[in-house]
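Okay, here's what each chain looks like letter by letter:
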There are 2 protein chains.
Amino acid sequence: MLTRDVIRALAKALGPERVFDDPATLALYSTDETPRKVTPGAVLFPANHEHVVALMQIAFANKLPVVARGAGSGNVGGALPVANGLVASFECMNRIVEFDPGNRIMVVEPGVVTEDIGQLARTHGLFYPPDPGSGAYSRIGGNLAMNAAGPHAIKYGVTRDYVLGLKAVTGEGKTISTGCRTSKGVTGYDFTRLLIGSEGTLALITQATVKLLPAPETVATLRLCYASNRAACEAIDRVMNQPIIPCALELMDRRSIEAIRPTGAADDLPFGTEALLMVEADGPVRDVPHQIAALKEALKGDGLLEVREGVTREEAQALWAARKSLSHAVKQYAPLKINEDVVVPVSRLADFVDFLDSLGHRYPFPIVSFGHAGNGNLHVNLMVHPDNTEEMAQARNCLNELFTTVLSFGGTLSGEHGIGTEKRAYLGMEINADTLSLMRAVKQQFDPAGILNPGKLFPDS
Amino acid sequence: MLTRDVIRALAKALGPERVFDDPATLALYSTDETPRKVTPGAVLFPANHEHVVALMQIAFANKLPVVARGAGSGNVGGALPVANGLVASFECMNRIVEFDPGNRIMVVEPGVVTEDIGQLARTHGLFYPPDPGSGAYSRIGGNLAMNAAGPHAIKYGVTRDYVLGLKAVTGEGKTISTGCRTSKGVTGYDFTRLLIGSEGTLALITQATVKLLPAPETVATLRLCYASNRAACEAIDRVMNQPIIPCALELMDRRSIEAIRPTGAADDLPFGTEALLMVEADGPVRDVPHQIAALKEALKGDGLLEVREGVTREEAQALWAARKSLSHAVKQYAPLKINEDVVVPVSRLADFVDFLDSLGHRYPFPIVSFGHAGNGNLHVNLMVHPDNTEEMAQARNCLNELFTTVLSFGGTLSGEHGIGTEKRAYLGMEINADTLSLMRAVKQQFDPAGILNPGKLFPDS
């Protein structure tokens, strides 16, 4: 499908230095954070909005699939190429177009690294709250595509909550502008939030206006060790039943703690620790100690073994050491981590962690769970061997059981990673048929040729 | 178009006591807060989701327009009937289906009065932040349709920010479910926010899951008198350049103060007051005084004539007296208030208020401006005589000038009222043609017969 004529047309429109189809480049752009690999036909590096319009018009005329790509750091295959299709990498569209501290906004291109937004904001006492784990290298375009979030979401919300407006190019190569530059606006349909989380299936975002908040003066950190998962979850429930909202509330379950023992990162945990909570509070210097005192009070209860507190950055980092060592440590279990980011209502978290324990007993592979428990959002990791057919079949059964339980608890299949290739078969479990077909119909309006990220998000029909 | 057969079918589906087509009822439901009047063919009072499905299926089969209606308190004609069409009044769907304080959510039907949500929430130390001026009688369904907001928006955001999921009925009578019950979720397109602010043109919302926050312990109020509009706007700009976010920051301009003088409500303002700011801070009892001190510091500057502070509810109410008297007081000027809720970036507010002054000099009718200045959102009220053809023509010219200037400042046509019938002719000034036609195409998917609130939001094509 990708002819020399198409490559020539793309090279003419974008400049030959922005169109690559050599094997090395194609190989480099054939993967993301999933274990899959799909080789595209060409990788394009647009430098501006007009390039994106031109490439989409050529793709539309030739019915060529286009997959938008930021850092390729997504967990669900959202940025995986389509075989022999086009990849539009936004790495070169990485300018901060405007920073207006007085109105607390920043206008950015999709290739800007997430943390760069926050760093520039801090030069004027502002901050950009969404903090995905990949923030040091993820591009904001990918964050927008997946509605990324992180620990801060419990207090500050997710990417969707910090975008005022977008500029984007549809599947026909038309330019749309959504939202506004002001903190309020209700003119027309909310296409801004329709595009956020749409995983590159509706339009290619070429510019975003993000909202900033005053940076909190300080942050303090608590590490709490509990004798059981259930005790830790009950503590989380108590936190949700008092008025102080922490700016992070992260859980590591028993299996996570086992995972880090060989690395030494658990050596400073008291004997009998089976669950760990990391809790942070931020705000004015005079207020944070009061917040911490209230949180400690709520976190106190049956099964609490130890509380440690960090005020300086060094102290906080030492307390986070166990949690930070986890991602690497789990790799000892198996080569493949099937990472699900399900969400349940916080009041059901204790029951849910019990259920995860029972799953762990009934399946032969380790299941390690940790994450943003304050939102009820846990990363449930099935550690499996992809070459073991029997194990992979059991993993599928396990996922089915997991998702069924999550939904029966009033939860959702994904809190922040999205659907991509990895969860699309399950989407129909959560979203009813009429709603899904309306989503398909909406996609058809933005992308009549069905060329924007095909094979993602939607289940096979 | 509304035959006896249709009325019979509706009466059979909903029960005869839920279908009215007597002249008195039709007259009662022929208006909203605009000066317009359109008589519907029948008014329906569905009691549950199934009723709404049934009425939409009948309307779809007979190609009958359906206008959803809450309290009829909208400012832009969003709930105005279509002549001889159906009005679906949600007054009877006013149940709070579920209140789950532990997960900080409430599930409500669209006919619930906005403030009732907050009142129930407060029984468990929670609150529902969106606070439209009509909140004491507006229905949450209307708030969802228009993405309503109020003074709290500066700190807490708008209706859109407090809705986790919806249940709704499309223009074909199909049931869709959007979003989730948890504080995070990214499965499928964000139809929740697509429906919020869509003014009843995409679907009829039958249930909403709203998010609640811990209620602030206390609130304190400042009333500040300035010698000029410009001095007050510069103070607002200074507030935005320090880290404390007030929970209200309202402006009354010179003309607003003139309006209340005859009522006596301005008697306690110092001589020379030409602009008034109402500023509130909320939070923990130990913290609010610090916030107030920081805000006072920022609000200090050239032209500040007086600061008064209210801590008790009575003191606060006394300070708000001038502001509260305004809506009634402006009616002395003329029988018709053309109320525009434009938004400009806060940094341009001083220039914008200068521009409004110049408008006031150049047009023969009073222009009274006040509102949510902390968001850059001003209510600009043209006080006119609807029977005076010459004056109404000048008002149209004035609105054109107003909107052109707002957009040239990087602002937006509506911050919280929406488009309805009143602003649809102007929507094309803000939203480009390709984006607008995509909005129409999306509507077509939700409402293939074009029967959901026709003649609203979109300009004539």
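Position labels on residues start from 1 in each chain and follow its written sequence. As a convention, the first chain written is A and the first ligand written is 1, with the rest following in written order. With the structure being a predicted model, the display of local features is reserved for residues of pLDDT at least 70 and the display and counting of side-chain atom pairs for 80 or more, all residues being used for whole-chain, interface and lining totals. To get the side-chain values, all heavy atoms of the structure are used, and hydrogens and water are removed first.

Chemist: When you look at the sheet that holds strand 9 (residues 175-179) of chain A in this model, what are you seeing that I'm missing?
Modeler: What holds strands together in a sheet is hydrogen bonding between their backbones, with the strands either parallel or antiparallel. Residue and element names in this part refer to chain A. Between any two strands, at least two bridges found by DSSP are needed for them to pair. Only DSSP runs of H or I reaching four residues or more are called helices, and only runs of E reaching two or more are called strands; each is numbered from the N terminus. Across the sheet, 5 strands lie side by side as 5-6-10-8-9; this open sheet has antiparallel pairing. Strands with a single pairing partner mark the edges of an open sheet, and in this sheet they are strand 5 (96-100) and strand 9. Pairwise comparison of adjacent strand axes, ignoring direction, gives a mean angle of 15 degrees for this sheet. The sheet contact formed by strand 6 (residues 105-108) and strand 10 (residues 203-211) spans 4 bridges and is antiparallel. Looking across to strand 10, one finds that V107 is bridged to T209. We call two residues in contact when some of their heavy atoms are within 4.5 Å. Fitting a line to C-alpha atoms yields each axis, with helices limited to the stretch in contact; the angle taken between N-to-C directions then spans 0 to 180 degrees. Those strands touched by helix 3 (residues 49-62) are strand 8 (163-170), strand 9 and strand 10, and its axis lies near 40 degrees from that of strand 8.

Chemist: Where do I start with the relation of the copies chain A and chain B in this structure?
Modeler: Between the two copies of the chain lies a relationship made up of a rotation around an axis and a movement along it. Copy-to-copy superposition: least squares on the C-alpha atoms, limited to residues that have pLDDT of at least 70 in both copies. Of the transformation placing chain A onto chain B, the axial shift is 0.0 Å and the rotation is 180 degrees, giving an RMSD of 0.0 Å. Accordingly, the operation relating the two chain copies is best matched by a two-fold axis. A shared interface surface links the copies, since 100% of the contact residues of chain A are contact residues in chain B too.

Chemist: Help me understand the side chain of T192 of chain B, please; the structure alone is not making it clear to me.
Modeler: By secondary structure assignment, the location of T192 of chain B is in helix 7 (residues 191-195). Those residues within four positions of T192 of chain B in sequence are excluded, and the remaining contacts are V163, L164, G165, L166, T178 and G179 of chain B.

Chemist: I keep staring at empty space enclosed by the protein and nothing clicks. Help me out?
Modeler: To find leftover empty space, a probe the size of one water molecule is rolled over the atoms. A cavity, in this analysis, means grid points on a 1 Å lattice covering only the protein atoms where a 1.4 Å probe fits yet has no way out; a pocket is instead an open set bounded by protein on both sides within 12 Å along at least five of seven lines, and a residue lines either one if it has an atom within 4 Å of a point. Grid points are joined across faces, edges and corners, and a volume is the space filled by probe spheres set on the points. Considering all chains together, one arrives at 1 cavity of 30 Å³ or more under this definition. Considering only enclosed or pocket space, the largest cavity measures out at about 40 Å³ in volume. Taken together, N147, V158, R160 and G415 of chain A together with S183, K184, G185 and V186 of chain B form the lining of the largest cavity. The residue makeup of the lining of the largest cavity, split by class, is 2 nonpolar, 4 polar and 2 charged. In this classification, Asp, Glu, Lys and Arg are treated as charged, Ala, Val, Leu, Ile, Met, Phe, Trp, Tyr, Cys and Pro as nonpolar, and every other residue, Gly included, as polar.

Chemist: Can you help me understand the packing of aromatic side chains in this one?
Modeler: The description of an aromatic ring pair uses the distance of the two centres, along with the angle that the planes make with each other. All names here are of chain A. For this analysis, a ring pair means two rings from Phe, Tyr or Trp (six-membered ring only for Trp) whose centres lie within 6.5 Å, classed as stacked if their planes differ by under 30 degrees, edge-to-face if by over 60, and tilted for the remaining angles. Overall, the coordinates contain 20 aromatic pairs over all chains when judged by the stated rule. Taking the centre distance of 6.1 Å and the plane angle of 25 degrees together, the rings of F352 and F355 count as stacked. Placement of the pair is F352 and F355 together in helix 13 (residues 349-362), with a separation of 3 residues, close to one helical turn. The pair formed by F352 and F355 is uniform in burial state, with each residue classed as buried. Between F352 and F409, the aromatic rings sit 6.2 Å apart at their centres with planes inclined by 70 degrees, giving edge-to-face as the arrangement. In this pair, F352 sits in helix 13 while F409 sits in the loop between helix 14 (389-408) and helix 15 (427-430), placing the two residues 57 residues apart along the sequence. Only protein chains enter the calculation, and the probe is 1.4 Å; a residue is then buried if its accessible area is under 20% of its type maximum, exposed if over 50%, and partly exposed in between. Residue class for F352 comes out buried when judged on its relative accessible area of 0%.

Chemist: Would you explain the interface of chain A and chain B in this entry?
Modeler: Often, the extent of an interface is quoted as the loss of accessible area on bringing the components together. The interface of chain A with chain B comprises 82 residues on the first partner and 82 residues on the second. The term buried area means the drop in 1.4 Å probe accessible area that two parts suffer when joined, counted for both and summed. Carbon and sulfur atoms make up 58% of the area that chain A and chain B hide from each other, which totals about 6400 Å². On the chain A side of the contact with chain B, K184, V186 and Y189 of chain A bury the most area, a combined 15% of that side's loss. Criterion for a salt bridge: a side-chain nitrogen of Lys or Arg within 4 Å of a carboxyl oxygen of Asp or Glu. For the pair chain A and chain B, the interface holds 6 salt bridges. Of the charged contacts in the structure, one is a salt bridge between D190 of chain B and R160 of chain A, with a shortest N-O distance of 3.1 Å. Any pair of nitrogen or oxygen atoms within 3.5 Å is treated as a polar contact; in protein, a donor-acceptor pairing is required on top of that, and neighbouring residues in sequence qualify only through side-chain atoms on both sides. Scanning the region where chain A abuts chain B turns up 30 residue pairs in polar contact (both at pLDDT 80 or more). For the side of chain A that touches chain B, the elements supplying multiple residues, two or more each, are strand 9, helix 7 (191-195), strand 11 (213-214), helix 8 (229-240), helix 10 (288-299), helix 15 and helix 16 (433-446) of chain A. For the side of chain A that touches chain B, the element with the most residues is helix 16 of chain A, which contributes 9 residues. Taken together, the residues of the side of chain A that touches chain B break down into 34 nonpolar, 34 polar and 14 charged.

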